[in-house]
Amino acid sequence: MQGFAQYADWFYLVGAILFILTLRGLSGPKTAIMGNRYGMMGMALAVLTTFFVAPSPVLGLIIGAMVAGAAIGIYRARTVPMTQMPETVAMMHSLVGLAAVAIAIAAVLHTGVKHDGIHRFELFVGCFVGAITFTASVFAYGKLAAKKWAKTVKGSWVKPTQAALFIAMLGFGTNYFVSEDLTAFYLMTAFALAFGYIWIAPIGGGDMPVVVSLLNSFSGWAAAGIGFTLNNSMLIIAGSLVGSSGAILSYVMCKAMNRSLMNVLFGGFGATATDTADSGEVKQKNYKSGSPEDAGFLMSNASSVIIVPGYGMAQGRAQNAVKELYNTLKAEGVNIRFAIHPVAGRMPGHMNVLLAEADVPYEDILEMDEINSDFSGTDVVLIIGANDVVNPAAKDDKSSPIYGMPILEAYKAQTVMVIKRSMSTGYAGLDNDLFYMDKTMMVFGDAKKVVEDMTKAINGTGH
């Protein structure tokens, strides 16, 4: 193993290149599978290299932990429904944060090692970022999984409490950095854990896609910080890649919502969203409703159809039914495509993942900027469980909290059909004027059942 150690940096370099190729591959759906393969190869190489260069490794513990982790990971990957992928991603982020905290504590308690100022600073930063990532991700998991304990908190006490916890965390962390006092280190960790939870708890479901992306970034920076502690260049590189890519994605998503990251994290309509939606308070207006058969007839006689998927499609597990509808309309000669908003669903790329699982052709899945100009020339737009991302208030109501947010301009189509369970509001807690337009027909019911009935209607009236 000693002879192998001199070549470790070369293996780490190859691993780093593979990780870069992973990010490149994951930038598009057609190359995502190859990107995942690069990532698996890079991680396998990094783990094996670290295994051989580790000083005096305890083989039983290492191999046991690897086997247990692999078994749990394989089981979860094989059994998790695609609709539960957002909360699964959040939970994985929490484990990265927990690992960073555990490694930092182990390093602090390691006997016979005197940490200089630089290493104490690395431990300080790596530990508190990991602790914040852990509890924030746990809450995000609970929120996305609709757990009862993950309720949005609100009140005038929230921001002062956040500030007090953050100041206490930095204060005890600074004390540890100066004095190397273990009690201060433990208190810093405890306050960081509490801050992570209370920091994310006020944020509502509408902002969870950005939160998940940001926590992904945090998990990367936590890993990079611990990489410095362990003097492991591969961990530093991998953590930096994850941290920077997550930060960029968070910026892109905030731009898609026309909001700043600070507005998402410390205010805005996210919390109001869930509270209003949960209350069931909806302004009564006149709207038109129809049956799946009516909708099927309209689509079968259209020359062009655009489907706008939202979280309702994921919640109803309707992606395969939507694919069948797509195939049926395609066979009828209809020009049918999908329009994806960057923040549709509950995590970045949520709709893309669901449609990919149903084997919808990539060329017919278009992003907002690619398809927005086509809505005005489209016969029928079918909206499946989307709300805020098609709300015209973002365009024409300067008093609306979402004014200025780029939306899918579905309201420009000749006919709009919306599948929803009820007239309840979306995450932003705002009513949607699109639902009350003369050109709009509401079709109420479970997304999967409604889409299946639409397909049956088209097959029964096909040309």
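Going by the structure above, here's the rest.
This write-up is about the structure you can find in this document. (Residues numbered from 1 in each chain as written. Predicted model: local features only at pLDDT ≥ 70, side-chain atom pairs only at ≥ 80, totals over all residues. Heavy atoms only, no water.)

Quick notes on helix α2 (residues 8–25)
Inference 1: Taking 1.5 Å of rise per residue, the 18 residues of α2 would be expected to cover 26 Å, and the 25 Å separating its terminal C-alpha atoms lies within 8% of that figure.
Inference 2: Buried residues of α2: Ala8, Tyr12, Gly15, Ala16, Leu18, Phe19, Thr22 and Gly25, and no others. (Helix = DSSP H or I, 4+ residues; strand = E, 2+ residues; numbered from the N terminus. Expected span 1.5 Å × (residues − 1). Buried < 20%, exposed > 50% of the residue type's maximum accessible area, 1.4 Å probe, protein only.)

Structural notes on unusual backbone geometry
Inference 1: A positive phi angle, near 50°, is found at arginine 317, a position not held by glycine.
Inference 2: Among the structural elements, arginine 317 can be located in the loop between α14 (311–315) and α15 (319–331).
Inference 3: With a phi angle near 65°, aspartate 359 is a residue other than glycine that sits in the positive phi range.
Inference 4: Assignment of secondary structure puts aspartate 359 in the loop between α16 (350–357) and β3 (365–367).

So, the sheet that holds strand β2 (residues 335–340)
Inference 1: Pairing is parallel across the open sheet formed by 6 strands, whose spatial order is β3-β2-β1-β4-β5-β6. Every interior strand has two partners, whereas the edge strands, β3 and β6 (440–444), have only one. Shown here is a sheet whose adjacent strand axes are inclined to one another by a mean of 25°, direction ignored.
Inference 2: Pairing of strand β1 (residues 304–309) with β2 involves 4 bridges; the strand directions are parallel. Within the sheet, the bridge partner assigned to valine 305 lies in β2 and is isoleucine 336.
Inference 3: Sheet contacts for α15: β1, β2 and β4 (380–384); angle to β2, the most-contacted strand, approximately 145°. (Pairing = 2+ DSSP bridges. Axes fitted to C-alpha atoms, helices over the stretch in contact; angles between N-to-C directions. Contact = heavy atoms within 4.5 Å.)

So, the packing of aromatic side chains
To describe a pair of aromatic rings, one takes the distance between the centres and the angle between the planes.
Inference 1: Using the criterion set out here, one finds 14 aromatic pairs in the structure.
Inference 2: Joined through ring pairs, the aromatic side chains of Phe121, Phe124, Phe128 and Phe177 make up one cluster.
Inference 3: In this arrangement the basic side chain of arginine 120 is found over the ring face of phenylalanine 177, its NZ or CZ atom lying 5.7 Å from the centre. (Phe/Tyr/Trp six-rings, centres within 6.5 Å; stacked < 30°, edge-to-face > 60°. Lys NZ or Arg CZ within 6 Å of the ring centre and 35° of its normal.)

Topic: the packing of helix α7 (residues 158–179) against helix α8 (residues 182–200)
Inference 1: Where α7 meets α8, the closest approach of the two axes is 8 Å, and the angle between their N-to-C directions is 155°. With respect to their mutual orientation, α7 and α8 come out roughly antiparallel. The handedness of the crossing between α7 and α8 comes out as left-handed. Contact residues: α7 offers Thr161, Gln162, Leu165, Phe166, Ala168, Met169, Phe172, Gly173, Asn175 and Tyr176, while α8 offers Ala184, Phe185, Leu187, Met188, Phe191, Ala192, Ala194, Phe195, Ile198 and Trp199.
Inference 2: The residue inventory of the contact of α7 with α8, partitioned by class, reads 16 nonpolar, 4 polar and no charged. (Parallel < 35°, antiparallel > 145°, perpendicular 65-115°, else oblique. Left-handed = near helix turned anticlockwise from the far one by under 90°. Nonpolar A, V, L, I, M, F, W, Y, C, P; charged D, E, K, R; others polar.)

A word on the side chain of serine 213
Inference 1: Mapping serine 213 onto the fold places it in helix α9 (residues 208–230).
Inference 2: The exposure class assigned to serine 213 is buried, which follows from its relative accessible area of 2%.
Inference 3: With residues near it in sequence (within four places) discarded, serine 213 still touches Gly246, Leu249, Ser250, Met253 and Pro348.

Section: the nonpolar core
Inference 1: By size, the foremost hydrophobic cluster in this structure holds 116 residues, and its most contacted members are Met299, Val308 and Ile383.
Inference 2: Broken down by element, this core gets its largest block of residues, 12 residues, from helix α6 (residues 117–144).
Inference 3: Residues contacting methionine 299, with those up to four places away along its chain left out, are Val305, Leu325, Leu329, Val334, Val380, Leu382, Met417, Met454 and Ile458.
Inference 4: Judged by nonpolar contacts, the second largest core, of 8 residues, contains Ala8, Phe19, Met234 and Ala238. (Core = buried A, V, L, I, M, F, W, Y, C linked by side-chain atoms within 4.5 Å.)

Quick notes on the pairing of β6
Inference 1: Of all 5 residues making up β6, 4 are buried, and the element is well covered by its neighbours.
Inference 2: Where strand β5 (residues 415–420) meets β6, 5 bridges bridge the pair, whose relative direction is parallel. Considered in β6, the bridge of methionine 417 is made with methionine 441.

Notes on the pattern of salt bridges
Oppositely charged side chains may form a pair once their charged atoms are brought near each other.
Inference 1: Counted according to the given criterion, the structure contains 7 salt bridges.
Inference 2: With a closest N to O distance of 3.7 Å, glutamate 180 and arginine 120 form a salt bridge. Remark: arginine 120 occurs in helix α6 and glutamate 180 occurs in the loop between α7 and α8; sequence separation between them is 60 residues.
Inference 3: Residue lysine 330 pairs with aspartate 364 through a salt bridge whose shortest N-O separation is 3.2 Å. Here lysine 330, found in helix α15, pairs with aspartate 364, found in the loop between α16 and β3; they are 34 residues apart in sequence, far enough to count as distant.
Inference 4: What makes lysine 330 partly exposed here is its relative accessible area of 36%. (Salt bridge = Lys/Arg side-chain N within 4 Å of Asp/Glu carboxyl O.)

Some remarks on the environment of alanine 164
Inference 1: Following the sequence through the fold, alanine 164 ends up in helix α7.
Inference 2: A residue is classified by how much of its surface remains accessible, and alanine 164, at 46% relative accessible area, is partly exposed.
Inference 3: Placed 31 residues apart in sequence, alanine 164 and phenylalanine 195 show a C-alpha to C-alpha distance of 8.9 Å.

Description of the pairing of β1
Inference 1: Counted residue by residue, β1 has 6 buried out of 6 residues, so it is predominantly covered.
Inference 2: The two faces of β1 match: Ser304, Ile306 and Val308 on one face and Val305, Ile307 and Pro309 on the other face are all buried.
Inference 3: Here β1 runs beside β4; their pairing, made up of 5 bridges, is parallel. Within β4, the residue paired with proline 309 across the bridge is isoleucine 384.

Considering the packing of α2 against helix α3 (residues 32–53)
Inference 1: In contact at an axis separation of 8 Å, α2 and α3 are set at 160° when each is read in the N-to-C sense. Between α2 and α3, the angle is such that the two are roughly antiparallel. Crossing of α2 against α3: the hand is left-handed. Listed contacts from α3 to Ala8, Phe11, Tyr12, Val14, Gly15, Leu18, Phe19, Leu21, Thr22 and Gly25 of α2 are Ala32, Gly35, Tyr38, Gly39, Met41, Gly42, Met43, Leu45, Ala46, Thr49, Thr50 and Val53.

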